[in-house]
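One letter stands for each residue in the lines below.
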Amino acid sequence: GWRDLLFNQGQNARGPLRRIAKSLRRYLVASGSAWDLCDMAGWLQDLKEPYSIEMWQAAKNVSTFDQCVREDWSRWEGRQLTTIDTWRAFFGL
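What counts as what
Residues numbered from 1 in each chain as written. Predicted model: local features only at pLDDT ≥ 70, side-chain atom pairs only at ≥ 80, totals over all residues. Heavy atoms only, no water. Disulfide = S-S within 2.5 Å. Helix = DSSP H or I, 4+ residues; strand = E, 2+ residues; numbered from the N terminus. pLDDT = per-residue confidence, 0-100. Salt bridge = Lys/Arg side-chain N within 4 Å of Asp/Glu carboxyl O. Buried < 20%, exposed > 50% of the residue type's maximum accessible area, 1.4 Å probe, protein only. Expected span 1.5 Å × (residues − 1). Bend = angle between axes of the 7 residues up to and from the residue. Axes fitted to C-alpha atoms, helices over the stretch in contact; angles between N-to-C directions. Left-handed = near helix turned anticlockwise from the far one by under 90°. Contact = heavy atoms within 4.5 Å. Nonpolar A, V, L, I, M, F, W, Y, C, P; charged D, E, K, R; others polar. Phe/Tyr/Trp six-rings, centres within 6.5 Å; stacked < 30°, edge-to-face > 60°. Lys NZ or Arg CZ within 6 Å of the ring centre and 35° of its normal. Parallel < 35°, antiparallel > 145°, perpendicular 65-115°, else oblique.

Scanning the entire structure with this criterion turns up one disulfide. Here Cys38 connects covalently by a disulfide to Cys68, the sulfurs 2.2 Å from one another. Its S-S torsion of approximately -75 degrees makes the covalent link between Cys38 and Cys68 left-handed. On the criterion of sequence distance, the pair formed by Cys38 in helix H3 (residues 34-46) and Cys68 in helix H5 (residues 67-77) is long-range, its members being 30 residues apart.

Predicted confidence across the protein chain gives a mean pLDDT of 88, with 96% of residues reaching 70 or more. Averaged pLDDT values for the elements of the protein chain fall to 69 in helix H1 (residues 2-7) and rise to 95 in helix H4 (residues 52-62).

This paragraph deals with the pattern of salt bridges. Counting across every chain of the model gives five salt bridges. Taking the shortest distance from any N to any O, the salt bridge between Asp85 and Arg79 comes out at 2.7 Å. Given the relative accessible area of 9%, Asp85 is considered buried. A cluster of three or more residues bridged by salt bridges with shared partners is formed by Arg14, Arg18 and Glu49.

Its 17 residues place the ends of helix H2 (residues 14-30) 24 Å apart at the C-alpha level, agreeing with the 24 Å of an ideal helix rising 1.5 Å per residue. Its maximal kink placed at Leu24, H2 deviates by approximately 45 degrees. At the exit of H2 stands Gly32, carrying a positive phi of roughly 70 degrees.

A few words now on the packing of H3 against H5. The contact between H3 and H5 brings their axes to 9 Å, and the two run at 35 degrees. Handedness of the H3/H5 crossing: left-handed. In this structure, H3 contributes Ala34, Trp35, Cys38, Asp39, Ala41, Gly42, Gln45 and Asp46 to the contact, and H5 contributes Cys68, Val69, Asp72, Arg75 and Trp76. In terms of residue class, the contact of H3 with H5 is built from seven nonpolar, two polar and four charged.

So, on to the packing of aromatic side chains. We describe a pair of aromatic rings using the distance from one ring centre to the other and the angle between the two ring planes. Enumeration according to the criterion identifies two aromatic pairs in this entry. A connected cluster of aromatic rings, assembled from ring pairs, spans Trp56, Trp73 and Trp76. Note that Lys22 overlies the ring of Tyr51, its terminal NZ or CZ placed 5.2 Å from the centroid.

In this section: the packing of H2 against H3. Relative to each other, H2 and H3 sit at 160 degrees, their axes nearing to 10 Å. It follows that H2 is roughly antiparallel to H3 by the angle criterion. The element H2 and its partner H3 pack so that their crossing is left-handed. Facing H2, whose interface residues are Leu17, Arg18, Ile20, Ala21, Leu24, Arg25, Leu28 and Val29, H3 presents Asp36, Leu37, Met40, Trp43 and Leu44.

In structure tokens form, the structure reads like this:
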């Protein structure tokens with residue numbers, strides 16, 4: 001699919017992926033697609049794209065219960081996901 005096509009372009013995918021991420025971000029947040037937000041954030045970070053931070057913030061705001069968010073938490077936050085983080089997310093704090 002489109003992901004494979006972009007992935008095979010390596011660094012040349014940076015611009016198109018950024019545009020896709022920006023255009024899909026609002027929809028992915030509204031639909032609660034934390035996994036897609038997190039996955040795109042990781043991909044953008046691998047391409048050294050600064051917009052990756054906004055995608056990560058959106059992903060973790062959608063759900064800290066999402067598998068991708070939980071797995072990538074330490075990569076982005078520089079520390080392990082704690083029970084306190086989970087409860088803060090649960091109560092929307």
